[in-house]
Structures are given as structure tokens and as C-alpha cells.
Amino acid sequence: MDYTKVYPVEIMEGFTESGSCMLMLMEPGSNRYIPIMIGEHEAQAIILAQEQTDTKRPMTHQLIHNIMDSFALELKLVTIDKFEEGIFYASLHMTDGILEKRVDSRTSDAVVLAIMHGCDIEMENSTLEDTAIERDSLEHGYQQKEDLREASLEELRQQLEEAEANEEYELAAELQLKIDQWTKE
């Protein structure tokens, strides 16, 4: 498979009632962007990493970064390998200096770690071709592709599962209402 380097360039807010955001990756040397629907918390983590903002206590991504540093693990590359059923799939390419491993990751988490570790992000070329949009389409009222809508719906379902698992029933009820609204449209 062939890959092209991409860069995180922007977080756009307010794409759904659930507060989902859009991470915009840019293909260098072109006017094409790759929109990736992410949650509000993931967007915040990316912004904190880009701005190199310290928090009083380590956030999850900072904790992972600290663990990697403590065990001399190097993040060599992040790849976005495919887009299937509205979900982008990413991998962390890591080494301890002896072994190299590829670790499955959510794309938003992989982007945060790539920013923190200063490593490249590459996207598989056919995935790039299938998901890239022209910047002009954003400036002229870009409407979400159906796959991106489904990605947001899948994210809501995952949040619902987490809320139920954590016995956060009020949050679960709110999430269920949002899912019901999405599926009625």
C-alpha cells in the first residue's frame, strides 16, 4: 500500500447536535482536506497537544506519552489505513529500539500522540482519494457525507455503551435521545 503524508490543520465545531467536531487533515500541495468526525473531548485533546498546553494532572494522552517515554518507546509513524462503515482506522508504529510493533488506534488518539511525539501522519492513498474534499466545498456550505453522519452516529452509540457501563444513567438517557433523533431523520 502507498501512503501520503497529511497534516492536522483545523478543528471545526458544531457539526451535530451532540457537539461533534470535525478534525481537518490537509494533503500537502493541494487544496484537499480530509474531514474526520471526532468528539468534543478528542478535539480538546488535539488542541491541547497542538498548543503544548500543560494541565495540572496528566490527561490520558499525556499519560500514554509519559509511559512511552519511561519505557523508551518511540512513536515512529501514525498511519490512517482505511475508512470503513463511516469509521477511520489508524495505527501507531512504535519501537523500543529492538522490536517494531504496529498498534491499532482510534484516529483521534493517534493524531494527538503524533502531535505530542512530533512524528508524521500518513494516509493510505485509496482512503485519501475516497474521503478527501476540496476546501472550496467547505467554504460554500459543505454538507456532511452520509458516511460522516454514520461515523457520528457510531460515536454516539459508543458513548452510550460507556455511559451504561459506568452507570451514568442520566447521560445514557440523553445519548439515547440523540441517537433516536438521528435515526428518525
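See the structure printed just above.
Being a predicted model, the structure only gives us computed values, none of them experimental. (Residues numbered from 1 in each chain as written. Predicted model: local features only at pLDDT ≥ 70, side-chain atom pairs only at ≥ 80, totals over all residues. Heavy atoms only, no water.)

Visitor: Where do I start with unusual backbone geometry in this structure?
Guide: Outside of glycine, negative phi angles account for most residues, and trans bonds account for most peptide bonds. Within the chain, Gln52 stands out as a residue other than glycine whose phi angle is a positive 50°. Turning to its location among the elements, Gln52 is positioned in the loop between helix 1 (40-50) and helix 2 (60-70). Phi angles above zero are rare outside glycine, and Ala72 is one such case at about 55°. (Helix = DSSP H or I, 4+ residues; strand = E, 2+ residues; numbered from the N terminus.)

Visitor: Explain helix 1 here, please?
Guide: Note: α-helices contain 3.6 residues per turn, so residues at a spacing of three or four share the same orientation. Those residues of helix 1 not exposed but buried are Glu42, Ala43, Ala45, Ile46 and Ala49. An end-on view of helix 1 places all buried positions within 160° of arc, on one side of the element. Residues Glu40 and His41 are exposed on helix 1 and point more than 90 degrees away from its buried face. Taken together, the buried residues of helix 1 touch strand 1 (3-12), strand 2 (21-26), strand 3 (32-38), helix 2, strand 6 (100-106) and helix 3 (107-117). Downstream of helix 1 by a residue or two, Gln52 has a phi angle that is positive, lying close to 50°. (Buried < 20%, exposed > 50% of the residue type's maximum accessible area, 1.4 Å probe, protein only. Arc of directions from axis to C-beta. Contact = heavy atoms within 4.5 Å.)

Visitor: Any chance you could explain the pairing of strand 3 here in plain terms?
Guide: Strand 3 sits mainly inside the fold: 7 of its 7 residues count as buried. Because side chains alternate across strand 3, one face comprises the buried residues Arg32, Ile34, Ile36 and Ile38, and the other comprises Tyr33, Pro35 and Met37, equally buried. Count of turn residues in the strand 2/strand 3 antiparallel hairpin: 5 residues, of which Gly29 carries a positive phi of about 75°. As paired strands, strand 3 and strand 8 (residues 133-134) are joined by 2 bridges and run antiparallel to one another. Following the sheet pairing, Arg32 is matched in strand 8 by Glu134. (Pairing = 2+ DSSP bridges.)

Visitor: What am I meant to see in the pairing of strand 5 (residues 87-95) here?
Guide: For a regular strand, side chains alternate in direction, first toward one face of the sheet and then toward the other. Among the 9 residues in strand 5, 7 count as buried, and that is most of the element. Linking strand 4 (residues 74-84) back to strand 5 in an antiparallel pair, the connection comprises 2 residues, with Glu85 at a positive phi of about 50°. Pairing analysis gives 7 bridges linking strand 5 to strand 6, with the strands arranged antiparallel. Bridging across to strand 6, His93 finds its partner in Arg102. The turn linking strand 5 back onto strand 6 is made up of 4 residues, and Gly97 within it adopts a positive phi angle of 95°.

Visitor: Before we go on, may I ask you to explain the sheet that holds strand 5 in this structure?
Guide: Paired through their backbone hydrogen bonds, the strands of a sheet run either parallel or antiparallel. An order of 6-5-4-7-1-2-3-8 is seen for the 8 strands of this open sheet, with the pairing classed as mixed. Looking at strand neighbours, the two that pair on one side only are strand 6 and strand 8, the edges of this open sheet. Bridge count for strand 1 against strand 7 (residues 120-124) is 4 bridges, and the pairing is antiparallel. Its bridge partner being in strand 7, Thr4 is matched across the sheet by Met123. Packing against the sheet, helix 3 makes contact with strand 1, strand 2, strand 3, strand 4, strand 5, strand 6 and strand 7, and its axis sits at approximately 125° to strand 6. (Axes fitted to C-alpha atoms, helices over the stretch in contact; angles between N-to-C directions.)

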